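If you want the building blocks of each chain, they are given just below.
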Amino acid sequence: MSTLFTPLSLGKLSLDNRIIIAPMCQYSADNGKVTHWHDMHLGNLAQSGAGLLIIEATAVEPEGRITYGDVGLWDDETEAALGKTLKAVRSHSDMPIAVQLAHAGRKASCEKPWLGGHALSPDHENGWQVSAPSALPFRDGDPIPEAMTKSRIADVIQAFVEAAERSVRLGFDAIEIHGAHGYLLHQFLSPHANKRDDEYGGSFENRTRIVIEIYDAIRKAVGADYPLGIRISATDWVEGGWDIDQSVALAKLLKDRGCDFIDVSSGGLHIDQQIPLGPNYQVPFAARIKAETGMTTIAVGLITEAEQAEAITFTGQADAIALARGILYDPRWPWHAAATLGAEVKAAPQYLRCQPRTLKKLFG
């Protein structure tokens, strides 16, 4: 039996298999509101046969968007728009759907990637003033972020809580806190971006404080049984920055608080990062966190082949794998993986007749 196609639980949430669709920004929202693009995009992915779909990084306040085209969940309008899309997708799919709540910090206020992706100044028609732990830009020449006051930190924490409450009201099956890829929470974690001299900077305890406070506040708001996890960058890939040892220590703190899963990525914080790209290049980080904490762990990064994903779960390096670009390229990747591994996968009744003649049990 294929391990990849055995059930998995994220806290109280049961998944049919261990293939997760990672959050992928589409930069196609209208002032934070999802559009018909998202109906089509998410509807397509919800027919993939994966065990869980996590929608793209969803900003908890307008200033937390990476671009002016990012999805948000900060008011009744953004909530209502997202609700309509979820209703449409769920009318034809019972795949669990989670949301990733995010704030971009100093990497906010950017142009859409296909238009260059560069930082936009506060006086640009599509830009705004960004904030961060310290007044340090991501790149030389980018607008200088405002160093966050304690009052501003408290406001952002509350924005995460309110977005989480909206997520529960919308019926999302789980929440993932975005603490990776050089965005706001990762900026607090890394000594390269966090030069504060108050209780939110300096020591490991101080740099992780906002992550713990956001986790605790969301947990209090959603309840002990609601599936809640986090995505982290396990390392900055830059000497003297956030690293795997600190990631393990943070994971232990979160596990003690009842965190249901950890999604382990890397990088995104520093322009001098040196990433040795190759198949499974991030899997050892997930494997170490799983081994040392026992947390339910998701591995990501250049996982492209069915046998590769099967090996990760079979050997226990991670409990699940997440696909991003790979499933955009092949939206039926789980079908094809099940065919390769001799497993079964769920398909909508409208698609049953496409089952290959040589795979009589692919769709059960």
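Everything below is about the structure shown above.
Attention here is on the structure that accompanies the text. (Residues numbered from 1 in each chain as written. Predicted model: local features only at pLDDT ≥ 70, side-chain atom pairs only at ≥ 80, totals over all residues. Heavy atoms only, no water.)

## What to know about the overall build of the protein chain
When helices and strands are counted, the protein chain shows 11 helices and 12 strands. Rg of the C-alpha trace for the protein chain: 20 Å, near the compact-globule value of 21 Å for 364 residues, within the 12% margin. With the principal axes as the frame, the protein chain shows a C-alpha extent of 65 × 40 × 40 Å. In the protein chain, which comprises 364 residues, the share counted as buried stands at 59%. (Helix = DSSP H or I, 4+ residues; strand = E, 2+ residues; numbered from the N terminus. Rg over C-alpha atoms; globule rule 2.2 N^0.38 Å. Buried < 20%, exposed > 50% of the residue type's maximum accessible area, 1.4 Å probe, protein only.)

## With respect to helix H11 (residues 333-341)
Residues Trp333, Pro334, Trp335, Ala337 and Ala338 constitute the buried set of H11. Where H11 is buried, its residues meet strand E3 (19-21), helix H9 (306-314), strand E12 (320-323) and helix H10 (325-329). Glycine 342, located one to two residues past H11, shows a positive phi value of around 70°. (Contact = heavy atoms within 4.5 Å.)

## Focus on the sheet that holds strand E8 (residues 174-179)
Strand order in the closed barrel made by the eight strands is E3-E4-E5-E8-E9-E10-E11-E12, with parallel pairing throughout. Here the average twist between neighbouring strands, direction ignored, is 30°. Along the sheet, helix H3 (residues 150-170) contacts strand E5 (97-102) and E8; its crossing angle with E5, the most-contacted strand, is approximately 165°. (Pairing = 2+ DSSP bridges. Axes fitted to C-alpha atoms, helices over the stretch in contact; angles between N-to-C directions.)

## A look at the nonpolar core
Phe160, Phe172, Ile177, Ile210, Ile321 and Trp333 are the most contacted members of the largest nonpolar core, which has 87 residues in total. No other element matches H3, which puts eight residues into this core. Filtering out sequence-adjacent residues up to four positions away, tryptophan 333 remains in contact with Leu4, Ile19, Thr304, Glu305, Ala306, Ala309, Ile321, Leu323 and Ile327. Counting 15 residues, the second-largest nonpolar core is a separate cluster that includes Leu8, Leu13, Ile54 and Phe261. (Core = buried A, V, L, I, M, F, W, Y, C linked by side-chain atoms within 4.5 Å.)

## Re the pattern of salt bridges
Think of it this way: side chains of opposite charge can pair up when their charged atoms draw near. The full count for this structure, using the stated rule, is 16 salt bridges. For the salt bridge of aspartate 76 with arginine 166, the shortest nitrogen-to-oxygen distance reads 3.0 Å. With aspartate 76 in helix H2 (residues 76-90) and arginine 166 in helix H3, this residue pair connects regions lying 90 residues apart in the sequence. Residue classification places arginine 166 among the buried positions, given a relative accessible area of 12%. A salt bridge links glutamate 199 to lysine 150, with the shortest nitrogen-to-oxygen separation between them at 3.0 Å. (Salt bridge = Lys/Arg side-chain N within 4 Å of Asp/Glu carboxyl O.)

## So, the packing of H3 against helix H6 (residues 209-222)
Interhelical geometry of H3 versus H6 gives an angle of 35° and a closest axis separation of 9 Å. The hand of the H3/H6 crossing is right-handed. Taking contact as the criterion, the partners of Ile153, Ile157, Phe160, Val161, Ala164, Glu165 and Val168 in H3 are, on H6, Ile210, Glu213, Ile214, Ala217, Ile218, Ala221 and Val222. Per-class residue counts for the contact of H3 with H6 are 12 nonpolar, no polar and two charged. (Left-handed = near helix turned anticlockwise from the far one by under 90°. Nonpolar A, V, L, I, M, F, W, Y, C, P; charged D, E, K, R; others polar.)

## Observations regarding the packing of aromatic side chains
As enumerated under the stated definition, the model contains six aromatic pairs in all. Judged by centre distance (6.1 Å) and plane angle (10°), the ring pair of phenylalanine 204 and tryptophan 242 falls under stacked. Residue phenylalanine 204 is located in helix H5 (residues 204-207), and its partner tryptophan 242 is located in the loop between strand E9 (228-233) and helix H7 (244-256); the two are separated by 38 residues in the primary sequence. Given a relative accessible area of 25%, phenylalanine 204 falls into the partly exposed group. Overall, the relative accessible area of 0% leaves tryptophan 242 in the buried class. Look at tryptophan 335 and phenylalanine 363: their rings are 4.9 Å apart centre to centre, the planes differ by 65°, and that puts the pair in the edge-to-face class. Of this pair, tryptophan 335 sits in helix H11 while phenylalanine 363 sits in the segment after H11, placing them 28 residues apart in sequence. Residue classification places tryptophan 335 among the buried positions, given a relative accessible area of 9%. Since its relative accessible area comes to 12%, phenylalanine 363 is described here as buried. (Phe/Tyr/Trp six-rings, centres within 6.5 Å; stacked < 30°, edge-to-face > 60°.)

## Some thoughts on the layout of surface pockets
Space inside the second largest pocket adds up to approximately 310 Å³. As for the second largest pocket, its lining consists of 19 residues, and the residues nearest its centre are Asp16, Gly49, Asp94, Lys346 and Ala347. Residue composition of the lining of the second largest pocket, by class: eight nonpolar, seven polar and four charged. (1 Å grid on protein atoms, 1.4 Å probe; cavity = no way out; pocket = protein on both sides within 12 Å on 5 of 7 lines; lining within 4 Å. Points joined across faces, edges and corners; volume = space filled by probe spheres on them.)

## Section: unusual backbone geometry
With the exception of glycine, the majority of residues adopt a negative phi angle, and the majority of peptide bonds are in the trans configuration. For tyrosine 27, which is not a glycine, the phi torsion comes out positive at approximately 55°. Within the secondary structure, tyrosine 27 sits in the loop between E3 and helix H1 (36-45).

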